[in-house]
Amino acid sequence: MIATPAGATITPTAKSAEDGTTTTFTCVVTGHPVESVVITRPNSLSLNCLTAQTSGDVSCTKGNTDVEVEISSFAADKAGTYTCTVKTSYWKDDSTEVASTADATIALTYAKASTASLTVSKAPATKGDAITLTCIVEGYPQPDKPTLTKDGNTDIALSCSGTNIKTCTKTFSAVEYADSGSYKCDGKNSINGVEKTSTSSLDLTVNGDAEVTLLLDPNQIEFGVGDAVSFTCTVEGFPIPTKLTFGNTDGDLKTYVSSGSADSDITTSTYGISYIHTITLLALSDTSNYSCYGENNNGGIKTAATTEDIIIVSDVTVQLSATSTTPTKEDTVTLTCEVNGGRKPHSVELTKDGATLTTNSADGFCVNKDQDKFTLICTYTINNFGYSNDGIYSCSGKNYAAGNNEVTAIATKSIDVSREVTVSIVPSSETEVAYGSDYTLTCNVEGGSAPHRITLTKPDSGVLTWTPNGGSNTLTCSGDNEVQCTYTIVKDSYSDNGGFTCVGFNYLPDETEEKTSSDSVDIVIVKDVSVSLSKSYTTAEVDFGSSIIITCVAEGGRVPHYLQLSQQKTGVTSYDELILYDTDNSKTPNTVVVGDNTITSTYTVTTSGYEDNGQYRCMAKNRAASNAENESSAVEEIIVVKNVLITPPNPIEVDYGTVLSITFHVEGGRSPSIVQLSNTRHTNIINWTDQDADVCTGTYTLTCVVQVDAPDVNYSYDGVYTITAKNNAKDSVLITSTSTFTVTVFKDVSAQIEPSTDSDITYGEDTTIKCSVDGGNEPYQVDLITPDNGTQTWKRDGSSSSINCVGGHELQCTFTFQPNYDSDGEYKCKGYNTVKNNVDKDAEASVSLTSVRAIEVSARSNTSSVLTNGSFAISCTIIGKPIIDIDQVSWSHSNNAVTPNLTELYDTVKGSADEFTLNSVLTIRQPSVDYSGSFYCNAGGTLSEAVEVTVAEKEFLIAPVLLQSVGESVEVGSVVTITCKVQGFPTMVASVGVTNIDTTKSVVSASPASQQTSLKEEDLVFTHTATCDDEYYVCRVTTYNSVRKTSINSPIVEGCENTAALIGGGVGGGVVMIVLIVVAVFCVLHVYKKRKARSCSPKAGAGAQFPNPTFDPTYDNMNGVTTNGTEEGYSHLNRPIGDLQEEGYASIGDRNKPANVGEDGYATMDTMSNQQPLQRTNSDAAYAALNRPAAGKSKRGVISKYKPVAIPKKPPPNKAAKPKPKQQPTPEEQGDPTYATVDLKTRRNVQPTSEYADVSLPDVAPEVPVYGTMGQRDNPEDDPVYALVNPKMRSMKKQAPEEEEEDMPPEVPLYGTMADNIDDEDPYATVEFVPKSKRTQEVKDSSQNEETAYASIADFQRNP
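Residues numbered from 1 in each chain as written. Predicted model: local features only at pLDDT ≥ 70, side-chain atom pairs only at ≥ 80, totals over all residues. Heavy atoms only, no water.

Draft legend 1. Molecular detail of the sheet that holds strand β25 (residues 272-279). Judged by pairing direction, the sheet is mixed, and its 5 strands sit side by side in the order β11-β19-β21-β25-β24 without closing on themselves. Strands with a single pairing partner mark the edges of an open sheet, and in this sheet they are β11 (125-126) and β24 (266-268). Note that strand β19 (residues 206-217) and strand β21 (residues 229-238) share 8 bridges and pair antiparallel. The residue bridging Gly208 from the neighbouring strand is Phe238, located in β21. (Pairing = 2+ DSSP bridges. Helix = DSSP H or I, 4+ residues; strand = E, 2+ residues; numbered from the N terminus.)

If you want it as C-alpha cells, here you go:
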C-alpha cells in the first residue's frame, strides 16, 4: 500500500454537552501507515486510541477509518478543547524515517438547564413591614434575565446581578395589603438551540390589626340648620374585620357583626368593611360627639376607635307676646318672651321704652322649654295695668352662632289704655252720589267731657276744623256734649270722592292727656269707566334696546278698581299680564297712579327686547251706580327689530372618543329664519330653518344644541367652526351674520414603529423605517433614534426635518437608509404633543433590528493565460454577515484530479476593513497544463463565479484574418461589420482601424476588446459607419512578445460623387469647378507648408473631444474602475467620484472605497495589477502618480502643453526600411514637462456625461516626455512616474499595407493606450486630433480656467 500523509477531521468543531449526560465525537483518520491516534484535552488527558482506551469518564474506540470518543456524566470540569492527533510513519530505508502528523480539535462547552427559586424575607408579612422577594435563576449558558409576575399578569421590575447565577430582588419598603398575591419567578436559557425554562412560585399574605377612620363629608365641625352631612365609618385589617359600631352620645346608631345576617348598609372589601350614615336635614338636636369602632382577630381580638364632634348653629330668634295690648287700667297683663338659637342663647333682657325691666340672670324669669335645650321661655306679669304701663315693650336675646360670632335679636310690643270718646258720621256707611248731583254729610261728636275740638278730613286731605271759639277753615257745627257738623259735597267733580273722617277731642277728668274719637264714611261719586292707551313710538317698529313707554288711563266713578295692561306676544293667542291693578284682590302696584277718580298705569321698557313684541291691551273696570260693574279697553301693536346676532360658545375642548356637545345662541328681531353650522370636514352639522322643530329652539333668541356621540368624535371635529344665521330685521330687510369658534380634540400622543417586531434588515439595501404618531393637539415633534444615524428629528415649525413626515393629527413619518454593520440595535420612534392645560405628552415605540448580508463570493485572477514557467494568483473575497468560519473556505477546479492539489496552495485571512470580510489567495507557481480550466472559490457552500485560466507550454500568434460584411461597395453612412478572426497565446489584444485619405487613423473600436483565454480561433466583431474618406481596414493583434497585423481595402463608398456632380452640373458648372481647383491648390500648399514645419496641429489652445466607446452610464458605477480581462486593474480618470454629480475628477477611486474630493489622487492599482501583491498601506510601489505635481513644481496643472509630434513622411509599405524608434528625451531635455494632473478649480465645468476627454493641443511641437511606466517605483521620492508617452511617426497612406508581423508605427500619435504589459512599447493615454469643424465643443487654453482639460485614460480591454 502506498504511504500517504496523516490527516485528522472532527465534525462539528464545537458543541455543547448538558450536565450529567453522555456525549460523543468522532475523529476521522486518514493516512498510511497510522502509527498513533492520540486524544488529549487541557486537563492532561492523553489516550492512544489505536486500541480501545478508558480514562475515568472518557473512553475511545477505533474503527476502520475513525476514532469514536465517549464522555459520560459530563460536568464542567470536562469542558474544553479536545485534540485528535494522527501520526503516520514509515522507514524509507534503514536509516531514514518519514513521518507526518495532523491535528483536529473540537470545543466541548458545559451546559446546564436553567433552575429557578423564589423566596421571601418574611412570611406572613405585616402591613408596613419592609420585605424582599428574591428570584434566583442558575444555568449554563448564562440564563436570560429572570421575570417576576404577580397574579399571572403583572410584570414586576427587578434588580439583578450575576451571570450564570442571576440573583434578582424586589424590595417593598412598606408592604401594603394590595401587595398580597401569587408571585412567580421564571427563568430560561438555550442549549444547542433548545430553550430550557424553569419556574418557582410562592403566595404572599399581608396581615394587619384593625384600623378605623371616621370621615365627614363635608369635612367641618359647624353646620347650619337644614344642612346635610355624611359620616363614613371604615374598619380595615387582615384578617378582615368582624365588627363595626357607629353612634353618638345618645347611643349606637349602627352595629354590624360578620357572624350575623347580611346587612345591605355595610360595604365589604378584601381588607375592610365600611358604613355610611347620612343626615339630610340637620337640626339643632343633632349636635353631638360621633364615634366609629371596629375589631378583627389577628392573633387575638384587635380593636380600634375614633370620634368626631359636630355643632349645629343658627342665629338667635326672639318672639314677644302679651295677654292684652289695649287693657283697661284695672286689667292684669302678662308678657312672654321666647328666645331660640344654636348655640344656646346666653343673654335675655326685657325693657319698656328703653329702660331695663329684668334679665335672664333674675330668678324665675327664664326656663328651658320642655326638653328643648336650645329654647328659653321668659315671662313678666303686670297686675292692675293702669295708665302708667302704657308704652313700648322690647325683649332682646343673644347667642354665639356660626364662627362663634355673637348675634342679637329684638322683638317689641306696644300696649295702650282705651278712652271714652265717641264719634258717629251720617251716612254711616258708604253712599253713592251721582256725578254732578247735590249731597250733605253730617258728623255727630259725643264725649264725657265736652269736646274742645272737631275736625273733618276730606278725600283730598283738606281739613275743616271747629272749636267753640271758631277759627279758619271752619266747620259748620252746633251743640255742647252732642255736637252736630254738616258738609255739602261738591258737584261735577271727583274732589269729594272718597273717605271723610270726623274726629272729636276732649280731656277726661284729672287727665292732662287729650283724648280723641273718630268715625269715617266713604262718599262714592259714581260714573261709568272709560280707557285711553298711548305709546312713545309713532310707528309699530321699535329698535331693539331702545326705551318704550306705554301709558293707560282709566277714568270713572267709583274709581276704577281694576286695570290690566297685558301683552299678546307674536305667535301666541293668549295675553300675558304686565300690570294688574285689582283692589278686590289687594293688587295695587306702584306703577299705577290713582288720581281724581282716574287711575294711570305707565309701563316702561327701559331697554326693549324680543319679549316686548306683540299687541298690548289695556282693560279697566269700575263699579258705578248701584255698584254695577262696567268695563272698557284699548289696544296698540309693537314690533321690536334687531339685526341677527350670534353668540358662539367659548372654545371647546374635548377628549378623542368622548361626547362632543356644542351649544350656541342666535338672536334677532324679527326672529331668525335660517341657522347653519359647519367646519372644514362637516358641512351640514346644523342646517336649520324656522320650519324645523328640533336642533334650535326658541323664538327671537334661539338655543341651538348639537351632540356628537363618543364613538364618532375624532380629529375631523377638530378646528374652526362657522355659524351662519339670517333674519328679516328693520323694514323687513334680510340680514346675514356669521361667527366662528374653535373645537380642540385632545388625545395623548401615541407612537407605532414599523417593522413592529424585532427583525433583520439587509445590508446595503434601501430600508425604510415607518413611524406613525397620533395625537391631539397635532404632534409637534417626532424623533427617530437609530444606532448609527443618531436622532433624526422632524418639527412641525420647520426648524428640523431630517425625516420626512406628512399629516396633521395622524403623522406618517419615514426614514430610508442603507443598513451597514453599525446599524444593529434599537430603533425608537418618539412623538410629542400638548394636551389640556398645556401639558406636554410623549410616547415612544421601539424595535430591535439586526443587519444581515448574504454571503457574496467574488474571485479574480491576475492573469487569464500563463505559461508553464510562470505563475498566477487568484484572489477570493468573501463578504457576509454573519461571516462564515475561515475553515469553511476551500478551492476547487473543474478538473477533479487537480482539486486535492490545491489544499496547501491557498491562505485565508480575516479582512482588514471589518470583521465580516474574508480574503483567500490561491497562488500557483510553474503550473502544468492540467491547471487550465475553471477555478472556484467555495465559501461554506456558496461558489464564486468561474475564474478561467489557460496554461500553455509556449507562446504563439497566428496572423489575423480580416473580413467585412458589405462586399465591394456600400452607401455612405451605412454600417459596416468588420470581423477579425484571431488565434494565439497567451492573452491577445486586438484593435481595428480605418485609414482615410488624409492618412489620419480613426479607431473604430479599441474597447471592448476580447482577451483571448483559449487556444481556439475567436471572432472579434466591430462596427463602422462608412465615410467618403475610407481607404482600408486594419486589424492588429498583440501578445506579450508578438505583433501580427492584417489589412484589407475598404469597399467603394457610393454617394460621394453626388456632391461633385451637383456642383459641376447646370449652368455655370465649369466656373464652379475652376474655383474648386484653385481652393484645392491652396489647401495642398497649406498642408505642405505645415508638414515642412513639422506640425499639423491646430492653433494654440485648440483641442479635441473623442468618445470613450466603453463608457456606459447605466452599468459603469464603480468609480471608474477598469478590468484587464477578468482582473480589476487600471482606472480611468473621467468618472464621477462617490455621490458627486460633477464629472472628471482626477482622484482615481479604489474599487470599493470612493475617494474624497481634495484627496491626493494616486491611481491605486489592484493588489495584483502589476503582479505585485502590494497594498496601499504598506508600499508605494503599486501607485501610478497621476495626480502629483511635476518635479520642482508646487502646484498641479492641466494638460495644456502636450504637443503633437512632428511626423516625417512615411515610405510606401514594403518599399522602405523600417524606421528606427524615436529616442525618448530625458526630463532635463524636455524643459518644462506638464504631467497628467488636474486643476481643481475647473472641475465643475465638465460635460454632464463623462464620455469625452478635453486635451489642449498648442501649435508648437516639442518632443513629448517619456516619463515612466505604470509599474513599481523603488523610491517614492524619485522623479514622479507618470504615464509613459511613446511618440509614433505619422505618414501619408496611399494604399493598404500588406500583412506584417513586426511592430509598425501607427499613423497617429498614440498618447498612451493603456496596455497591461508595461514592457511593451505601446503607449498610454491616447489623444486624438479632430479637425475644428468636427469638434463638438471649443476647448480653450485650460490655464484660463474656463473649460476643463482633463486627461481621460481610456478603459482599455475592460469587461463592462
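After that view, the rundown keeps rolling.
Draft legend 2. Summary view of the packing of aromatic side chains. In total, this model carries 21 aromatic pairs according to the counting rule given. Their ring planes at 55° and their centres at 4.8 Å tell us that Tyr656 and Tyr715 sit as a pair that is tilted. Of this pair, Tyr656 sits in the loop between β52 (652-655) and β53 (660-669) while Tyr715 is found in the loop between β57 (701-708) and β58 (719-728), placing the two residues 59 residues apart along the sequence. A ring pair is formed by Phe815 and Phe817, whose centres lie 5.6 Å apart and whose planes are at 20°; its orientation type is stacked. Considered together, Phe815 and Phe817 belong to a single accessibility category, that of buried residues. Positioned above the aromatic ring of Tyr562, the side-chain terminus of Lys621 is 4.7 Å from the ring centre. (Phe/Tyr/Trp six-rings, centres within 6.5 Å; stacked < 30°, edge-to-face > 60°. Buried < 20%, exposed > 50% of the residue type's maximum accessible area, 1.4 Å probe, protein only. Lys NZ or Arg CZ within 6 Å of the ring centre and 35° of its normal.)

Draft legend 3. View of the nonpolar core. Among the nonpolar cores identified, the biggest contains 27 residues, and Leu660, Ile662 and Leu677 are the most heavily contacted of them. At the level of secondary structure, the elements contributing two or more residues to this core comprise β51 (629-647), β52, β53, β54 (674-679), β55 (686-689), β57, β58 and β59 (734-754). Residues within four places of Ile662 in sequence aside, it is in contact with Pro649, Ile652, Leu677, Cys704, Val705, Val706, Tyr721, Phe741 and Val743. Listed in part, the 26 residues of the second largest apolar core include Leu45, Cys60, Tyr82 and Ile106. (Core = buried A, V, L, I, M, F, W, Y, C linked by side-chain atoms within 4.5 Å. Contact = heavy atoms within 4.5 Å.)

Draft legend 4. Summary view of the environment of Leu376. One can find Leu376 in strand β32 (residues 372-382). In the structure, Leu376 is positioned 38 residues away from Glu338 in sequence and 5.8 Å away in space, judged by C-alpha atoms.

Draft legend 5. Region of the structure containing the sheet that holds strand β7 (residues 58-62). Read across the open sheet, the 5 strands follow the order β1-β3-β8-β7-β6; overall the sheet is antiparallel. With partners counted over all chains shown, the strands left at the sheet margins are β1 (4-10) and β6 (53-55), one partner each. Along the sheet, successive strands turn relative to each other by an average axial angle of 15°, direction set aside. Looking at chain direction, β1 and strand β3 (residues 23-32) are connected through 5 bridges and run antiparallel. Residue pairing in the sheet places Gly7 in a bridge with Thr30 of β3. (Axes fitted to C-alpha atoms, helices over the stretch in contact; angles between N-to-C directions.)

Draft legend 6. Representation of the state of the cysteines. Summed over all chains, the structure comprises 16 disulfides. Covalent S-S linkage joins Cys49 and Cys60, the inter-sulfur distance amounting to 1.9 Å. Torsion about the S-S bond of the Cys49 and Cys60 cystine: about -100°, corresponding to left-handed handedness. Note that Cys49 is positioned in the loop between β5 (45-48) and β6 and Cys60 in strand β7, a separation of 11 residues in sequence. (Disulfide = S-S within 2.5 Å.)

Draft legend 7. Spotlight on the pairing of strand β67 (residues 839-861). Pairing of strand β60 (residues 759-762) with β67, which is carried by 4 bridges, proceeds in the parallel orientation. Within the sheet, the bridge partner assigned to Ile761 lies in β67 and is Ser851. As paired elements, strand β66 (residues 825-835) and β67 share 11 bridges and run antiparallel to each other. Paired with Val835 across the strands is Val839, a residue of β67. Linking β66 back to β67 in an antiparallel pair, the connection comprises 3 residues, with Asn837 at a positive phi of about 60°.

Draft legend 8. Spotlight on unusual backbone geometry. Residue Pro124 is reached from Ala123 by a cis peptide bond, and omega for that bond is -10°. On the secondary structure map, Pro124 appears in the loop between β10 (97-120) and β11. Cis peptide bonds are those with omega within 30 degrees of zero, and the linkage from Asp217 to Pro218 qualifies with 5°. Within the fold, Pro218 resides in the loop between β19 and β20 (222-224). Phi is positive for Asp731, close to 60°, though the residue is something other than glycine. Relative to the helices and strands, Asp731 is located in the loop between β58 and β59.

Draft legend 9. Broad picture of the confidence of the model for the protein. When pLDDT is averaged along the protein, the result is 76; 74% of the residues meet or exceed 70. Ignoring residues within four places in sequence, the model shows residues 997-1014, a span with pLDDT below 50, making 58 contacts including any to other chains. (pLDDT = per-residue confidence, 0-100.)

Draft legend 10. Structural context of the environment of Ser671. Among the structural elements, Ser671 can be located in the loop between β53 and β54. Considered as a pair, Ser671 and Tyr610 are 61 residues apart in the sequence and their alpha carbons are 8.4 Å apart. In contact with Ser671, other than residues within four places in its own chain, are Thr699, Tyr700 and Asn727.

Draft legend 11. Representation of the pattern of salt bridges within the structure. Scanning all chains against the criterion turns up 33 salt bridges. As a salt-bridge pair, Lys196 and Glu18 come within 3.6 Å of each other at their nearest N and O atoms. Highlighted residues: Lys196 in strand β18 (residues 194-204) and Glu18 in strand β2 (residues 14-18), separated in sequence by 178 residues. Between Lys150 and Asp151 there is a salt bridge whose closest N-O contact spans 3.0 Å. For Lys150, a relative accessible area of 16% gives the class buried. Accessibility expressed as a relative area gives 43% for Asp151, which makes it partly exposed. Within the structure, one salt-bridge network assembled from shared partners comprises Asp57, Asp77 and Lys78. (Salt bridge = Lys/Arg side-chain N within 4 Å of Asp/Glu carboxyl O.)

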